[in-house]
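Structural overview for review
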Amino acid sequence: MNTSPSAPARRTRQLLKHLGHTMAGREAPWRSAFLSHVQQMDPAAFTLSTLHPLDGGQFVPRARTVIFRGMWASLPDNARNPAPLNPAAYTSDLPTITTDARMEKVAELAGSRHEPSAPSEAQSIVGGPVEAVFWVQKADSQWRFRGRAYVIGPDIESEAAAPVRAALRPWMRGVDQGRKEAWSWSRELTASFGNLSPAMRGSFRNPLPGTPLTQRPEPGLGLGQEVQDVNDELARKSFRVLVIVPEEVDQLDLSDPKRGRRWSHKVEASGAEISWKTTELWP
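As a starting point, this report considers the structure included with it. Everything quoted here is computed from the prediction, not taken from an experiment. (Residues numbered from 1 in each chain as written. Predicted model: local features only at pLDDT ≥ 70, side-chain atom pairs only at ≥ 80, totals over all residues. Heavy atoms only, no water.)

**Things to note about the side chain of Arg31**
Structurally, the position occupied by Arg31 is in helix α2 (residues 31-38). A relative accessible area of 11% places Arg31 in the buried class. When near neighbours in sequence (up to four residues on either side) are disregarded, Arg31 contacts Met71, Ser74, Thr91, Ser92, Asp93 and Arg173. (Helix = DSSP H or I, 4+ residues; strand = E, 2+ residues; numbered from the N terminus. Buried < 20%, exposed > 50% of the residue type's maximum accessible area, 1.4 Å probe, protein only. Contact = heavy atoms within 4.5 Å.)

Written as structure tokens, this is what we have:
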């Protein structure tokens, strides 16, 4: 499989080199429709594909079903979330999921990068290429996101995680200038953990995924646990937020059987801002 950087990936990296901390004031043209469709899904499940590295520099595709957890920096409201929340200082067009650091997808993101690898001890990483596909049955619509994924872990405030923060910050639109100073990356990570149910939080205390049942779990690990404490050390050790930075969004609307419609939304430069170019296509 050819793993040379795609044109959209190269274009986005070039954008980030000169963007600094600037982001277009307008939301992405696809955002409102996408979120309205996702709200019709129960659960909001989609397919996430990564590249799995093999010996000899070869890669094979891997796909799994995951749950959409909202857009980065703008968590969905949840009255049962016991974690302290960030002020509503930012929003973004960056879909997120939560994942276990011990799952293969995290290693695949690190291993499919086209830049020098992050230190092996890094918990937050600049990841590799991904594709995410949503089928919204109630709307007869499909959404396909192509881009790169970034992993946010407990070290997100550290110097080692500076490349991750620098890559994501240009995509975060400020909605309240006065609250930006009070906004914290680590608080957002903890709030994302708190937004999960106690049983889902407990899944991060599961035995090492993919190991034989004959292998005894480490102390404290086991199936069926519930975690109430959002700072539970053992669960938080494995908890990660995965943020997708889309470079291209393909939107397909089949709600009218006599006239399907399709749009391609691509990231492009516009001065010192990130902007989108939308082209309607034959479906």
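**Quick notes on the pairing of strand β1 (residues 45-53)**
Inspection of the sheet shows β1 paired to strand β2 (residues 59-67) by nine bridges, in the antiparallel sense. Note that in β2 the partner of Leu51 across the bridge is Pro61. The hairpin formed by β1 and β2 contains five residues between the paired strands, and Gly56 there has a positive phi angle of roughly 80°. In terms of strand pairing, β1 meets strand β5 (residues 125-136) through three bridges, oriented antiparallel. (Pairing = 2+ DSSP bridges.)

**So, the side chain of Ser141**
Note that Ser141 resides in strand β6 (residues 141-152). Within polar-contact distance, the side chain of Ser141 engages the backbone oxygen of Ala139 at 3.0 Å. Ignoring anything within four residues of it in the chain, the contact list for Ser141 reads His37, Phe134, Trp135, Val136, Leu252 and Asp253. (Polar contact = N/O pair within 3.5 Å; in protein donor to acceptor, adjacent residues only side chain to side chain.)

**Considerations on α2**
Three or more residues of α2 are buried, namely Arg31, Phe34, His37 and Val38. Taken down its axis, α2 places every buried residue within 135° of arc, on the same side. Contact partners of the buried residues in α2: β3 (90-92), β5, β6 and β7 (172-174). (Arc of directions from axis to C-beta.)

**Some words on the pattern of salt bridges**
When their charged atoms lie close together, side chains carrying opposite charge are able to pair. For the structure shown, the criterion picks out 12 salt bridges. Here Glu27 makes a salt bridge to Arg31, at a shortest N to O gap of 3.9 Å. Glu131 is the salt-bridge partner of Arg146, the closest N and O atoms lying 2.7 Å from each other. In this pair, Arg146 sits in strand β6 while Glu131 sits in strand β5, placing the two residues 15 residues apart along the sequence. Exposure remark for Glu131: the relative accessible area of 24% places this residue in the partly exposed category. Look at the salt bridges and you will find they share partners, linking Glu27, Arg31, Asp93 and Arg173 into a network. (Salt bridge = Lys/Arg side-chain N within 4 Å of Asp/Glu carboxyl O.)

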